[in-house]
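One-letter residues, chain by chain:
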Amino acid sequence: MSTATEPLRALLLESIHSDAVASLEKNGYAVETVDRALDENELTARVAGVHLLGIRSKTTITDSVLAAAPELLAIGAFCIGTNQIDLSAASQRGVAVFNAPFSNTRSVVELVVAEIIALTRRLLDKNSLMHAGVWDKSAEGAHEVRGRRLGIIGYGNIGSQLSVLAESLGMSVFFYDTADKLALGNARRCATMEELLAVADVVTLHVDGRPGNSGLFGEAEFARMRPGSLFLNLSRGFVVDHGALRQHIESGHLAGAAIDVFPHEPKGRGDEFVSELRGLPNVIITPHIGGSTEEAQQDIGQFVAGKLQDFTATGNTALSVNLPTVSLPAPAEGHRLTHLHRNTPGVLATINGILADHDVNIEGQLLGTRGEIGYVITDIGTRYTPDVIEQLRGLPTTVRLRLLS
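Residues numbered from 1 in each chain as written. Predicted model: local features only at pLDDT ≥ 70, side-chain atom pairs only at ≥ 80, totals over all residues. Heavy atoms only, no water.

Before we move on, could you go through the environment of histidine 248 and cite the residues and values that matter?
Tracing the backbone through its elements, the reader meets histidine 248 in helix H10 (residues 242-250). In this structure histidine 248 comes out as buried when scored by relative accessible area, which is 10%. In sequence terms histidine 248 and glutamate 219 are 29 residues apart; their C-alpha atoms lie 8.6 Å from each other. In contact with histidine 248, not counting residues within four places along its chain, are Glu219, Phe222, Ala223, His253 and Leu254. (Helix = DSSP H or I, 4+ residues; strand = E, 2+ residues; numbered from the N terminus. Buried < 20%, exposed > 50% of the residue type's maximum accessible area, 1.4 Å probe, protein only. Contact = heavy atoms within 4.5 Å.)

Pasting the structure below:
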């Protein structure tokens, strides 16, 4: 619990938007900011006494980092992906993780559309020639996007919104996803990725960061793409074999590519960027900026900071990526117990038995489970003894107990 003299501490890394800082400070948090990612050793040395930790995509949260932060309540990933966080370790230590699954969707989609048009019209080549003083008005190799076939691999929040915008440009949309997804507009689902590659003039990846997607797209997949087609990846760097992509660009099999994410990315602005894709014709390479618009970063800052504060104040876990989803309206009076525990039979009965033994009235209660973790919010009156809290905290199944007033 925070006090007037000892506010909760928040550590925000990687130049998280100032709106997040302002929101936290307005609500009484002591906020420390760092404009870059920290490696494991640096972060381990900084997290003692931190209650809220904010990161983006370049900071890795390991179990060792979590072990060094026993007071840590929640982690905010101010981005979409959470594969940089050991979610299992966070759950086992009672640390909630929140991200921004929707906030930068539009920014990514608009960049994809812009890159498809730029590649299809070969704007990079024309731009380079003009800067070199060469006037080349030839239409050779330049096409309209209207009528071309777009293949979307991964039909989630980004892929599905891209589908709608691409269709409005006159493109025919095909998609492949391992999960059942509702096709929007006239988009057509492909049963396999191979089926999609056989028909698409433009292939774009929008998959998540699960380990199973590592190496998803390599030599075999590039070879199956149509001659003269385009390839884009604005999802995760480790899903694509960049060496194979370079070979297919150099051979002329592919007409161009746009890549925004890389297997190994520099940690800070100004650091050297090393890639097999540098120097290739009609290839757009950008420094992981798919969601980097002022609008998206502002929205992400407000959204994730709000989730962190709501969890701290109420215990509600709506949209947490690692804990059971439990949300209960804040009580008008009384106190709230949040009990994160190992999901074994009888825990709820044990909790309620302890409360009953001490004549503690339950005014509201909600339980949720997720795999090996259970989470219950219980609203009680203000009349109870410290023994109640100590007995609940001492249960062998307890991971973390918090008392909120």
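So that's the structure; there's more coming.
Provide a residue-level description of the side chain of glutamine 84, including the pertinent values.
Mapping glutamine 84 onto the fold places it in the loop between strand E4 (74-77) and helix H4 (87-92). Classification of glutamine 84 as buried rests on a relative accessible area of 8%. Apart from residues no more than four positions distant in its own chain, glutamine 84 is found in contact with Ile55, Arg56, Ser57, Thr59, Thr60, Ile61, Ala77 and Cys79.

Can you tell me about the sheet that holds E4, naming the residues and giving the values?
Taken in spatial order, the five strands of this open sheet run E2-E1-E3-E4-E5, and their pairing is parallel. Strands with a single pairing partner mark the edges of an open sheet, and in this sheet they are strand E2 (30-33) and strand E5 (96-98). Looking at each pair of strands side by side, their axes are set apart by 15° on average, direction ignored. Relative to E2, strand E1 (residues 9-12) runs parallel, the two being bridged by four bridges. By the bridge assignment for E2, arginine 9 is matched with alanine 30. Its contacts with the sheet place helix H11 (residues 294-314) against strand E3 (52-55), E4 and E5, and it is angled at close to 165° to E4. (Pairing = 2+ DSSP bridges. Axes fitted to C-alpha atoms, helices over the stretch in contact; angles between N-to-C directions.)

Report on the packing of helix H1 (residues 18-26) against H11, specifying residues and quantitative values.
Between two packed helices, both the angle of their axes relative to each other and the distance between the axes serve to describe the pair. Where H1 contacts H11, the axes come no closer than 7 Å and their chain directions differ by 30°. Relative to H11, the element H1 is oriented roughly parallel. In terms of crossing hand, the pair formed by H1 and H11 is right-handed. On H11, the residues that touch Asp19, Ala20, Ser23 and Leu24 of H1 are Gln298, Gly301, Gln302, Ala305 and Gln309. Residue classes in the contact of H1 with H11 are distributed as three nonpolar, five polar and one charged. (Parallel < 35°, antiparallel > 145°, perpendicular 65-115°, else oblique. Left-handed = near helix turned anticlockwise from the far one by under 90°. Nonpolar A, V, L, I, M, F, W, Y, C, P; charged D, E, K, R; others polar.)

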